[in-house]
Amino acid sequence: PMFQKKRYFLSIFFCLLFLILCSLPGILPEHAAGDALNTSVSFDLPQTLSEPRVPSAVIDPSVQPSLTLYAKSAVLMDAESGRILYEKNGYEILPMASTTKIMTCILALENGDLNDYAEVSSYASGMPKVHLGARSGEFFRLEDLLYSLMLESHNDSAVIIAEHIAGSTGEFADMMNRKARKIGCDNTFFITPNGLDAVSTSTDGQTHIHSTTAADLARIMSYCITSSPKKEEFLTITRTASHSFTGFQKSGEDYVSDGRTFTCNNHNAFLSMMEGALSGKTGFTANAGYCYVGSLRQEDRTFVVALLACGWPNNKSYKWSDTKKLMSYGLENYTTHTLQEALLSSSDLPPVPVCDGAGDIWNAALSETPYIKRDEAFVNKKILLKQGEHFQVQYEYEKTLTAPVRNGQKIGEIRYYLDDTLYYKESIHVPDSIDAITLPYCIRQSIRHFLLYTST
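First, a word on what this report is: a plain description of the structure on this page. Since the structure is predicted, the reported quantities are computational estimates derived from the model, not experimental observations. (Residues numbered from 1 in each chain as written. Predicted model: local features only at pLDDT ≥ 70, side-chain atom pairs only at ≥ 80, totals over all residues. Heavy atoms only, no water.)

**Quick notes on helix α9 (residues 318-333)**
Across its 16 residues, α9 extends 23 Å between first and last C-alpha, which sits within 8% of the 22 Å expected from 1.5 Å per residue. Looking only at α9, the buried set comprises K319, W320, D322, T323, L326, M327, Y329, G330 and L331. (Helix = DSSP H or I, 4+ residues; strand = E, 2+ residues; numbered from the N terminus. Expected span 1.5 Å × (residues − 1). Buried < 20%, exposed > 50% of the residue type's maximum accessible area, 1.4 Å probe, protein only.)

In structure tokens:
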């Protein structure tokens, strides 16, 4: 019939017309596609979300309490997060005396075998007091040397350990510095394994003293008790009240007691001063003065205090007074939170239209809202916050996309701040793929619609 012929030719005409229009530039609807990368949404969430933590940052003196401390440099740190809760000259570089030995201990635990026998060199046997009195050619079990190191702070034991682990004290110092950088201590320079005052000139001509900052020292202790794979062994040694052992001599392939016995007693008085006292290490040299780094755990809160230049003789007790004052401040003011309390979800993100996207009806949009790549372990880590502290959350991503887009394509970021310092960020991604409207696509769609039209 004539009507069917007209219908047939009209369908061909409109399909061809549509095909031509699709293939010509500038005919399709105009979109602000060129601005897509510069289009973002940024806002602060209301402060009803919670209160968590942030990386270490210099604290504005106006927002922290005025605590009277003897130490020239002091830090109170949240051991789990590494956030500094209080600091007094916490980033000043100073000598740290025998607090050095916490790094010596953790490196020996991580790189050595506690059942190994370490030989005493003539250099090690010549270390000044405080020393074990080890004799050149004598042998000691590595485990016994670690008790000597941490309970009595013996300088010769530190050198024996260093030489056994690395071959020389110089190589061991390199290990110490590499470890310090790895855990985020950029203002620490180790020269000796025992903390005796020392000066060194590097290959680039720079002169360094054996030194750290209270912030770095607190970070090293936090690593030893929360993150190291040998944290339990570290705590066992540093919490032991007393340890006895013997020296050895080699007999063929065996080691036999040489008849000399030793007893080491723990001199960390803080262990009995406050409930939850966990670990610590004292130190003193003429240049460093009295130093201390200690930790405390109550319920799900773990604090670390680091003190440098906390008096000189006869002010040996100043470090205990400062430690208790800082720990009490932490216990009274900080509670546990996680970043989970402040997280955005995909449903909080507006939908994203796709310009020039190939869909069934000549347009397209993402089938789902963008998804967020998230580090679940990190967002569930504990952080200590005091009343009134909150995360600030900002996100920005492209409000309009231009096809083609691919599943997994990154289109934005969410950032979480605390104390105006970036704490954590996560990326926003496209949930599915959408092809662009191209000439081949137009041909396929024309044929499809033509066939559908003529079959009815």
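**Observations concerning the sheet that holds strand β15 (residues 371-372)**
Strands sit in the order β15-β20-β19-β17 across an open sheet of 4 strands; the sheet is antiparallel. At either margin of the open sheet sits one strand with a lone partner, and together these are β15 and β17 (392-397). (Pairing = 2+ DSSP bridges.)

**Here's the deal with the packing of aromatic side chains**
The final tally for this structure, using the stated rule, is 17 aromatic pairs. Both rings, one in Y70 and one in Y318, keep their centres 3.6 Å apart while their planes meet at 5 degrees; by these two values the pair is stacked. Here the residue Y70 occupies a position in the loop between α1 (2-23) and β1 (73-78), and Y318 occupies one in helix α9, the gap between them amounting to 248 residues. Taking relative accessible area as the criterion, Y70 reaches 45% and is therefore assigned partly exposed. Centre to centre, the rings of Y292 and W320 are 4.9 Å apart; their planes meet at 70 degrees, and the pair counts as edge-to-face. With Y292 in strand β10 (residues 289-298) and W320 in helix α9, this pair connects stretches of sequence that are 28 residues apart. Given the relative accessible area of 0%, Y292 is considered buried. W320 sits in the buried class, given a relative accessible area of 11%. Through successive ring pairs, a cluster of aromatic residues spans F378, F391, Y416, Y423 and Y424. (Phe/Tyr/Trp six-rings, centres within 6.5 Å; stacked < 30°, edge-to-face > 60°.)

**Some remarks on the pattern of salt bridges**
Where side chains of opposite charge bring their charged atoms close, a pairing between them can arise. Taken as a whole and judged by the stated rule, the model has 15 salt bridges. With a closest N to O distance of 3.1 Å, D216 and R219 form a salt bridge. Of this pair, D216 and R219 are both found in helix α7 (residues 214-227), 3 residues apart, which corresponds to roughly one turn of the helix. Each of the two residues, D216 as well as R219, counts as buried. Residues D435 and R406 are paired through a salt bridge, measuring 3.3 Å at the closest nitrogen-oxygen approach. (Salt bridge = Lys/Arg side-chain N within 4 Å of Asp/Glu carboxyl O.)

Everything listed here is a matter of geometry and, on its own, says nothing about what the molecule does.
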